[in-house]
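Single-letter residue listing:
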Amino acid sequence: MKERTITLAAYFLFFAVVFALPFALNSFWTNRIAVYLVYAICAVGISLSWGYAGILSLGQGLFFGIGAYMISMSLTLALPDNNPVPQFMLLNMEPNAPRDLCCATPGSFLWQPFQYLSIGVLAGILVPCVIAAVLGYVMFKRRTSGVYVSIITLALALIGQMLIINNQPLTGGFNGLADLAPLSVGGIEFDPYGKSVYYLVAAALLVVVLLSRLIVSTRMGHVLKAVREDDARVRYLGYNVENYKLFIYCLSAAIAGIAGLLFAVTSEFASPSLMSTSFSISMVIWAALGGRSSLLGACIGALIVNFIGSVASENVMLQPVWPIVLGLMFVLVVLVMPEGIAGIAKGWIAKLRQPRSLKEVVQ
Amino acid sequence: METFVIGLSIASILFIVALGLAIVYGTMKVINLAHGEMVMIGAYVTVLASKHLGLGIYSCLPLAFLVAALFGLAIERLVVRPLYGRLLDTLLATWGIALILQQLIRIHFGFGLFGIHIDGLGSDLQNVPVPPELQQTLHILGTNIPVYRAFVFGVAAVLGLVSWWLIYKTRFGSQLRAVSAARDITAACGVNDKRINALAFAYGSGLAGVAGVLVSGFKTVSPDMGAPYVIDAFMVVVAGGVGHLLGTVLSAGILGEVQSFVATWSNDVYGRTVLFAFVILILLFKPQGLFVSRNR
């Protein structure tokens with residue numbers, strides 16, 4: 001068998017399992033797995049930027065969080081109780097301010113466009129993209145690379161989180177936006193605990209993976225890999241390295257935004273914790289465990305880490321140990337299996353194929 | 001004026017933490033994300049030593065240095081050394097270490113799992129008693145200067161001088177500078193670069209431990225107190241120019257004051273936001289930092 005066939009079979013098997021799963025699960029687990037699939041989408045974005053272009057963004061949580069907040073604003077307003085002003089805003093209203101989004105609290109006019117769901121969704125994808133474009137432009141034009149990019153993105157996520165907590169009257173502060181209407185499009189209501197949301201997420205994952213696969217298998221993918229290995233050489237060959245990096249970074253941000261949107265739909269909340277440093281860095285370990293330079297590996301990594309994580313945190317004995325296990329995972333993955341599960345799988349496949357080719361040589 | 005003094009003490013803490021980070025980054029090109037946890041360990045050493053041994057804040061300074069340095073040495077040996085040359089991987093691995101250290105403190109060093117309670121550890125917040133002579137306020141030229149803030153500044157100044165002497169006047173320092181400028185050539189000349197790495201890492205961690213003692217005097221001590229310091233300190237290192245001692249001093253000063261003044265004028269969050277924006281601006285116009293060290 002050719003390697004290409006094996007890879008194709010792996011993708012096919014993975015998505016067959018993903019699409020068949022809801023028939024074997026109760027509604028609680030359907031929802032849990034849907035959330036893990038959302039994380040898998042995010043991991044694909046990280047695999048694209050880190051595994052293929054060597055840009056380790058430690059601030060993906062910022063884009064994820066923005067995506068979640070944008071749609072959550074629309075879904076908050078979609079609840080009849082929150083018409084015209086969300087409940088939490090009433091608590092912060094000045095005594096004689098009109099009960100209207102235009103001027104209930106300072107800055108509340110920013111909520112006005114979110115009365116339309118489509119704007120919430122669009123903003124959830126575009127705002128991360130634009131932020132990434134501006135930040136990326138500044139960083140890459142200045143040839144910032146390596147740890148600098150990582151730390152700057154990390155700090156940016158931290159600032160995003162602080163700003164959201166700090167602007168309580170506008171954002172719901174520390175509690176975030178928790179009271180959301182279920183997503184309903186064209187008369188179809190998506191139930192977070194039903195198959196509808198699950199398939200929405202699974203389909204999004206499929207699209208994101210296929211699109212990413214398409215991108216990395218073109219010439220662009222090869223250039224990106226070359227950039228990862230040695231960007232100076234690629235530059236000498238006449239490629240505009242900065243534009244390649246900028247494109248992949250924006251794409252990765254948009255994917256994180258999409259994941260954030262879907263997270264808000266499946267989990268029915270958006271909170272500042274989505275932008276926390278530890279969450280942003282955890283995302284990276286999902287991709288690292290699965291295999292940073294394998295899109296499918298990154299998906300599987302996200303599913304495994306989160307599955308074990310949620311099992312562990314439900315167990316009273318394991319709960320205090322889980323963060324230590326997670327920490328050890330960081331250390332061991334990096335030390336022992338830098339190419340992750342996908343790398344190990346590739347090694348096995350190569351081993352399986354070797355005896356036959358040896359025999360062929362002997363004959 | 002009081003804002004200025006507070007800014008000076010913020011700058012002093014930033015400087016001590018950043019100095020350690022700068023030495024490690026300059027020598028090994030490694031960002032230790034567990035550096036903040038060294039600050040946390042320093043603070044907990046103070047808590048534990050004052051509770052169980054009755055030690056004051058002064059004797060905690062060298063003790064915390066030693067403990068944090070030992071932790072640093074262990075991290076270098078176990079995790080950083082095998083990852084040499086793989087920059088981003090080191091970032092992740094040290095973050096893992098940070099997670100482990102935080103959680104170990106939270107569950108009383110792991111003894112908590114067996115029901116053994118250690119007073120002073122755990123997820124609860126702790127306060128450290130500050131000796132009365134440091135609690136006073138001095139009136140100089142019509143302004144109130146809290147003695148503790150001045151003490152923090154003094155310690156930072158002493159550590160800065162000691163580090164300067166160590167880096168520029170000793171045999172270890174010249175080897176350190178040689179390794180950071182041209183590792184392979186230095187190693188070929190018979191300098192044990194691994195030993196230099198380990199010592200630099202330990203010294204940097206020790207400095208963070210001392211910063212922890214100082215921080216414990218005006219902030220509550222908790223397992224996740226250290227994390228914000230790494231980012232801020234890295235900002236200082238980047239803004240000042242890597243491998244430039246004076247640059248680190250000045251950029252810590254500038255950033256500390258910026259943060260202090262913005263924080264007084266509005267609030268802490270905007271203080272850090274402006275600080276961050278400021279660093280991006282610096283990097284935009286001077287990508288190598290404010291002070292460029294003459295390197296090869």
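Residues numbered from 1 in each chain as written. Chains lettered and ligands numbered in written order. Predicted model: local features only at pLDDT ≥ 70, side-chain atom pairs only at ≥ 80, totals over all residues. Heavy atoms only, no water.

Visitor: How should the overall build of chain A be read in this particular structure?
Guide: A tally of helices and strands in chain A yields 15 helices and two strands. Relative to a compact globule of 363 residues, whose C-alpha radius of gyration would be 21 Å, chain A shows 22 Å and is just as compact. Overall size of chain A, expressed as C-alpha extent along the three principal axes, is 90 × 50 × 45 Å. Scored against the burial criterion, the 363 residues of chain A give a buried share of 52%. Sequence separation of 24 or more characterises 77% of the internal contacts of chain A that already satisfy a separation of 6 or more. On chain A, roughly 16200 Å² of surface is accessible, and the fraction owed to carbon and sulfur atoms is 66%. (Helix = DSSP H or I, 4+ residues; strand = E, 2+ residues; numbered from the N terminus. Rg over C-alpha atoms; globule rule 2.2 N^0.38 Å. Buried < 20%, exposed > 50% of the residue type's maximum accessible area, 1.4 Å probe, protein only. Contact = heavy atoms within 4.5 Å. Areas by Shrake-Rupley, 256 points an atom, 1.4 Å probe, with all protein chains shown as cover.)

Visitor: Looking at this structure, I do not really get the pattern of salt bridges. What am I missing?
Guide: If the charged atoms of two oppositely charged side chains come close together, the side chains can form a pair. Taken as a whole and assessed by the stated rule, the structure comprises ten salt bridges over all chains. Ionic pairing is found between R235(A) and E242(A), a salt bridge with its closest N-O pair at 2.8 Å. The salt bridge partner of R106(B) is D224(B), with a shortest N-O separation of 3.9 Å. Taken together, the positions of R106(B) in helix α4 (residues 87-106) and D224(B) in the loop between α9 (193-216) and α10 (227-240) put the pair 118 residues apart, joining distant regions of the chain. The exposure class assigned to R106(B) is partly exposed, which follows from its relative accessible area of 26%. A cluster of three or more residues bridged by salt bridges with shared partners is formed by R292(A), R86(B) and D89(B). (Salt bridge = Lys/Arg side-chain N within 4 Å of Asp/Glu carboxyl O.)

Visitor: Is there a simple way to explain the interface of chain A and chain B in this structure?
Guide: When the parts of a complex come together, some accessible area is lost, and that lost area is often used as the size of the interface. The interface of chain A with chain B comprises 39 residues on the first partner and 38 residues on the second. Carbon and sulfur atoms supply 82% of the area that chain A and chain B bury against each other, a total of about 3500 Å² over both sides. Considering only the surface of chain A that becomes buried against chain B, V147(A), Y148(A) and I151(A) emerge as the three largest contributors, covering 17% of it. Along the contact surface separating chain A from chain B lie one salt bridge. Residue R292(A) pairs with D89(B) through a salt bridge whose shortest N-O separation is 3.1 Å. Our enumeration of links across chain A and chain B arrives at four residue pairs in polar contact (both at pLDDT 80 or more). Of all the secondary structure elements, the ones that give two or more residues to the side of chain A that touches chain B are α5 (117-141), α6 (147-166), α12 (277-290) and α14 (322-336) of chain A. For the side of chain A that touches chain B, the residue count by class is 29 nonpolar, eight polar and two charged. (Buried area = accessible area lost by both parts, 1.4 Å probe. Polar contact = N/O pair within 3.5 Å; in protein donor to acceptor, adjacent residues only side chain to side chain. Nonpolar A, V, L, I, M, F, W, Y, C, P; charged D, E, K, R; others polar.)

Visitor: Any chance you could explain the packing of aromatic side chains here in plain terms?
Guide: Residues and elements named next belong to chain A. All told, the structure shown has 24 aromatic pairs over all chains when counted by the stated rule. Taken together, a centroid distance of 5.1 Å and an interplanar angle of 85° make the contact between F14 and F15 edge-to-face. Taken individually, F14 and F15 each receive the classification buried, so the pair is uniform in this respect. Between Y39 and F263 the ring centres are 6.1 Å apart and the planes differ by 25°, which places this aromatic pair in the stacked class. With Y39 in helix α2 (residues 27-52) and F263 in helix α11 (residues 241-267), the pair connects residues that are 224 residues apart, well separated along the chain. Take Y39: its relative accessible area is 10%, and that puts it in the buried class. (Phe/Tyr/Trp six-rings, centres within 6.5 Å; stacked < 30°, edge-to-face > 60°.)

Visitor: Would you mind going over the environment of V128(B) with me for this structure?
Guide: Residue and element names in this part refer to chain B. Topologically, V128 is positioned in the loop between α4 and α5 (132-135). For V128, a relative accessible area of 10% puts it in the buried group. Expressed as a C-alpha distance, the spacing of V128 and T90, which sit 38 residues apart in the sequence, is 33 Å.

Visitor: Help me understand the UniProt feature "transmembrane region" (unreviewed entry) in chain B, please; the structure alone is not making it clear to me.
Guide: When the UniProt feature table is mapped onto this chain numbering, "transmembrane region" (unreviewed entry) sits at residues 6-25, 30-49, 55-75, 87-105, 147-167, 229-254 and 274-292 of chain B. Regarding residues 30-49 of chain B, the helix share stands at 75% and the strand share at 0%, and the terminal C-alpha atoms are separated by 31 Å. (UniProt positions renumbered as here; feature names shortened; annotations may be inferred.)

Visitor: For this particular structure, what's the right way to read the UniProt feature "transmembrane region" (unreviewed entry) in chain A?
Guide: Residue and element names in this part refer to chain A. Summarizing the sequence annotation, UniProt attributes the feature "transmembrane region" (unreviewed entry) to residues 36-55, 62-80, 116-140, 147-165, 197-216, 246-263, 295-312 and 324-349 in the numbering used throughout. End-to-end, the C-alpha atoms of residues 197-216 are 28 Å apart, and along that stretch the chain is 100% helix and 0% strand. A distance of 25 Å separates the end C-alpha atoms of residues 246-263, which is 100% helix and 0% strand.

Visitor: Even after reading the chapter, I still don't get the pairing of strand β2 (residues 143-146) of chain B, so can you show me in this structure?
Guide: Looking along a regular strand, one sees side chains alternate from face to face of the sheet. Residues and elements named next belong to chain B. Side-chain alternation along β2 places T143 and I145 on a buried face and N144 and P146 on a face that remains uncovered. Relative to β2, strand β1 (residues 137-140) runs antiparallel, the two sharing four bridges. Looking at β2, one finds that I140 is bridged to T143. Hairpin connection, β1 to β2: the antiparallel pair is bridged by two residues, and L141 has positive phi, about 50°. (Pairing = 2+ DSSP bridges.)

Visitor: Explain the nonpolar core to me, please; I cannot follow it from the model alone.
Guide: The tendency in soluble globular proteins is for nonpolar side chains to be buried side by side. Counting residues in hydrophobic clusters, the biggest one holds 217 residues, and the most contacted among them are L37(A), Y39(A), I41(A), F64(A), W111(A), L205(A) and W286(A). In this view, L205(A) contacts F14(A), F15(A), L37(A), A40(A), I41(A), V44(A) and C299(A); residues no more than four positions away in its chain are not counted. (Core = buried A, V, L, I, M, F, W, Y, C linked by side-chain atoms within 4.5 Å.)

Visitor: What am I meant to see in a nonpolar patch on the surface here?
Guide: Together, F109(B), F111(B), L113(B), F114(B) and I116(B) make up an exposed nonpolar region whose accessible area comes to about 530 Å². Assignment of secondary structure puts L113(B) in the loop between α4 and α5. (Patch = residues over 30% accessible without salt bridge, like charges linked within 9 Å, V, L, I, M, F, W, Y side chains within 5 Å.)

Visitor: I tried to follow the confidence of the model for chain A on my own but got confused; where do I start?
Guide: Reading predicted coordinates in detail is not appropriate for stretches of low pLDDT. This prediction gives chain A a mean pLDDT of 88; 97% of its residues lie at or above 70. In the model of chain A, helix α15 (residues 340-362) of chain A stands out as the element of lowest mean pLDDT, 74, in contrast to α11(A), which has the highest, 95. (pLDDT = per-residue confidence, 0-100.)

Visitor: Would you mind going over the side chain of H108(B) with me for this structure?
Guide: All names here are of chain B. One can find H108 in the loop between α4 and α5. A relative accessible area of 15% means that H108 is categorised as buried. When near neighbours in sequence (up to four residues on either side) are disregarded, H108 contacts I116, H117, I118, L121 and G122.

Visitor: Is there a simple way to think about the state of the cysteines in this case?
Guide: Simply put, the disulfide is a covalent bond whose two ends are the sulfur atoms of two cysteines. In the structure shown here, the tally under the stated rule is zero disulfides over all chains. The thiol of C299(A) is not disulfide-bonded; the next cysteine sulfur, from C42(A), is found 11 Å away. (Disulfide = S-S within 2.5 Å.)

Visitor: Would you mind going over the environment of R86(B) with me for this structure?
Guide: For R86(B), the location among the structural elements is in the loop between α3 (57-80) and α4. We classify R86(B) as partly exposed; its relative accessible area is 29%. Between the C-alpha atom of R86(B) and that of V30(B), which follows or precedes it by 56 residues, the distance is 8.7 Å. Residues contacting R86(B), with those up to four places away along its chain left out, are V334(A) and P338(A).

Visitor: Would you mind going over the side chain of T90(B) with me for this structure?
Guide: All names here are of chain B. When you line up the elements, T90 lands in helix α4. T90 sits in the buried class, given a relative accessible area of 1%. For T90, the residues in contact, after removing those within four places along its chain, are V30, V80 and L83.

Visitor: Looking at this model, I keep getting lost on unusual backbone geometry. Mind explaining?
Guide: Apart from glycine, the bulk of residues carry a negative phi angle, and the bulk of peptide bonds sit in the trans form. A positive phi angle, close to 60°, is found at E268(A), a residue other than glycine. With respect to the helices, strands and loops of the structure, E268(A) is situated in the loop between α11 and α12. Residue E268(A) is classed as partly exposed on the basis of its relative accessible area, which comes to 27%. Phi is positive for K29(B), close to 55°, though the residue is something other than glycine. Examined against the element boundaries, K29(B) turns out to sit in the loop between α1 (2-28) and α2 (35-53). The exposure class assigned to K29(B) is partly exposed, which follows from its relative accessible area of 38%.

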